[in-house]
Amino acid sequence: MIQSTADKPVKELTPDEAAVELARLAQLIAEADKSYFGEDRPSLTDSEYDALRRRNALIEKAFPKLRRADSPSERVGAAPAGRFEKSRHLRPMLSLDNAFDDLDVTEFVARVRRFLALDETVEVAFTAEPKIDGASLNLLYVDGALILAATRGDGEEGENVTANALTIADIPRRLAGAPERLEVRGEVYMSHADFFALNARLAEEAARDGREPDPFANPRNAAAGSLRQIDPAITAARPLRFFAYGWGEASEKIAVTQAEAINRFRKMGLPVNPQTVRCLNVADMLGHYRSIEALRSDLGYDIDGVVYKVDRLDWQDRLGFVSRAPRWAIAHKFPAEQAITVLEAIDIQVGRTGALTPVARLRPVTVGGVVVSNATLHNQDEIERKDIRIGDTVVIQRAGDVIPQIVEVRTEMRPARAVRFAFPENCPICHSRAIREEGEVVRRCTGGLICPAQAIERLKHFVSRQAFDIEGLGSKQIETFFADGLVREPADIFTLEARQRGGEINLFLWKRKADGTQILRDGQPVATNQRSVENLFSAINDRRRIALPRLINALGIRHVGETNARIFATAYGSFDAFRNAAVAARDNAEPAYSELLGIEGVGPIVAASVISFFAEPHNCEAVSRLLSEIEPEAAATTIADSPVAGKTVVFTGSLERFTRDEAKARALAVGAKVAGSVSAKTDFVVAGPGAGSKLKAASELGVKIMTEDEWLAMLDGL
């Protein structure tokens, strides 16, 4: 195995390490070229691939004697895959060097001047054209007739795809006024609209045939894959397009300048890109780059940069080529993980915990090899901080598998019709109130059990081990039942058997794959066996009688997990008492609200969450339907005849005989309820040295006050 020296700066490499690194890079780049050019399935992002090539070039420059015979600098593309006849180009189809920032472009122009020995008084014009992100194609016309079409391949030899190219409407079969022999170079591409339509059609065909869908990742892959189909009929059914941008062999002089040559192409009947312009200096070149970058999302097809070419063809001839690229042209790439597009709408997505997350709906653009049409806006504060409006031109960023996000708003391009976004105060799915708790940036739906957006995850929690723990009913089954409309809320789980017996549903047909699609055999759904269904019914029935803490936890009330569920079960003893207390405390109504807050371990945030849950009629109705199917057990006391069982105790002051946590644990163990504040419902106050306001409140309310010793004596008598 080749030992990696990838993390070591080039200037720190020894000759031996440089040789190892060049071997590693040659291998990686060759594999990437094979995936990209030969299989139409890129294994690296553009930025990752460009970084490998840049590192290879830097090492070769620092260690010229170590340049390998298989150097990527000498190679273009990959060898033909072997599915088609090979076709040798009359002139090689070379690649382009890349510029990644303004300084690189400035240096490119300076190199051209130095090579041609031109001083600053001599005008050097360039053409600037969008760099189409598609599949390169070489068209050979003889006497004006198209006789051969070949892919780039390795630059010297490609694949003969003439039959497929003839199905592309943009490619003319005959040219008007063309030289006797002419190789036309161009790019086959697919528009965004056609790309989405193709993927949708392929998905429908896969579903119809019972296959897993295999969509194209981006329009470039779709174009390349469609062009290299063995069956031309498949290519003909794919909406491919073509732009011509250059030429190889020509039996006569095409023109005097690049701009004139492109114009002649147009007159011959070849499609050329209308965004091609002639620039007189670096400022013009960079200005057009910025304009094209801003137009990127409006073009309707993918580009990944701008190509600059020396305009005068005689100067192109003098400049010639170096290794795999011409000296007279360079590709100014867009940032690989960023793109500019238009924010067309803002939607709200509701997560499993009820969090309302704003999502930007974007004009589709390809970023990092993936077509992006959505980006997260995080939360309400983020939208306001960046002053993001519907209709804005925005810079989006995608790095690796990170969800695309908006990093900048081009306010100078803001249209008059741009609209501020009003964040909803109700859930867009179930219309329940969406509240923003103090100290949080997220607004959450209070719909809970009845909100479809939260339903699946809440149902998974309901049957989880810490909640109802129904054997045989796990995440996959919940997803299947929900998708089939069999279970929408907890109560539905307990009506499955009755509905099966009554013929309303058929659980024998619910067996599915992990992605939710039915498992078919000979075109028919694969049924589960009767025993497994009966076992499921038995497991469900075993949970019709449920411990109170499990039930409270199962409801999925925000901030109420196992610990708080036990606290509430102990404090209220029964589910009815718990629910009635929450309803009574609505709008902070006294004294119920104070009693709720008085429970040890319950603060304002937990209390507000419980109140909000039961304040929603939908939740109350769902709970009532559940209670008609199950029987919650009352909270059991550890010692049935304990004199403090069911009594409420408050500890205050500096306890000396035990810690506060030990005191609470001991009280709970003998069936007492521990509160954090004194109220009329408090039965005992255990006061240590330094007791203050709680002791005073107990005296005023006539609550029995005890010392630690008196409290311990009472417990020791049990």
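Before any of the text, the structure's been laid out above.
Just so it is clear, the model here is predicted, and its values are computed rather than measured. (Residues numbered from 1 in each chain as written. Predicted model: local features only at pLDDT ≥ 70, side-chain atom pairs only at ≥ 80, totals over all residues. Heavy atoms only, no water.)

(A) Up close: the environment of E123. On the secondary structure map, E123 appears in the loop between α3 (102-116) and β3 (126-132). Considered as a pair, E123 and S191 are 68 residues apart in the sequence and their alpha carbons are 37 Å apart. When residues no more than four places from it in sequence are discounted, the contact partners of E123 are R278, L280 and W315. (Helix = DSSP H or I, 4+ residues; strand = E, 2+ residues; numbered from the N terminus. Contact = heavy atoms within 4.5 Å.)

(B) Focus on the packing of aromatic side chains. Across all of its chains, the model carries 20 aromatic pairs by this definition. Taking 5.2 Å as the distance between ring centres and 55 degrees as the angle between the ring planes, the aromatic pair formed by Y189 and Y301 counts as tilted. Taken as a pair, Y189 in strand β7 (residues 181-189) and Y301 in the loop between α9 (282-295) and β10 (303-310) lie far apart in primary sequence, 112 residues in all. Here the two residues Y189 and Y301 agree in accessibility, since each one is buried. Their ring planes at 65 degrees and their centres at 5.8 Å tell us that F468 and F494 sit as a pair that is edge-to-face. Here F494 lies in the loop between α14 (490-493) and α15 (496-501) and F468 lies in the loop between α12 (452-462) and α13 (475-483), a separation of 26 residues in the sequence. On the basis of relative accessible area, F468 is assigned to the buried category, the value being 0%. Relative accessible area serves as the criterion here: at 2%, F494 is assigned to the buried category. Here the basic side chain of R312 rests over the ring of W315, its NZ or CZ set 3.9 Å away from the ring centre. The cationic tip of R488 hangs over the ring face of F482; the distance from NZ or CZ to the ring centre is 4.1 Å. (Phe/Tyr/Trp six-rings, centres within 6.5 Å; stacked < 30°, edge-to-face > 60°. Buried < 20%, exposed > 50% of the residue type's maximum accessible area, 1.4 Å probe, protein only. Lys NZ or Arg CZ within 6 Å of the ring centre and 35° of its normal.)

(C) Summary view of the pattern of salt bridges. Throughout the structure, instances matching the rule amount to 41 salt bridges. The closest approach of N and O atoms between R312 and D314, which form a salt bridge, is 2.7 Å. Judged by relative accessible area, which is 36%, R312 ranks as partly exposed. Judged by its relative accessible area of 38%, D314 falls in the partly exposed class. Through salt bridges with shared partners, one network takes in D387, R389, D392, R414 and R420. (Salt bridge = Lys/Arg side-chain N within 4 Å of Asp/Glu carboxyl O.)

(D) A look at the sheet that holds β7. Taken in spatial order, the four strands line up as β5-β4-β7-β8 in an open sheet, and their pairing is antiparallel. Two strands lie at the open edges of the sheet, namely β5 (145-151) and β8 (241-250), each paired on one side alone. Pairs of neighbouring strands in the sheet enclose a mean axial angle of 30 degrees, with direction left out of account. Pairing analysis gives seven bridges linking β7 to β8, with the strands arranged antiparallel. Its bridge partner being in β8, V188 is matched across the sheet by F242. Sheet strands in contact with helix α8 (residues 258-268) are β7 and β8, and its direction is about 115 degrees off that of β8. (Pairing = 2+ DSSP bridges. Axes fitted to C-alpha atoms, helices over the stretch in contact; angles between N-to-C directions.)

That's the geometry; what it means functionally is another story.
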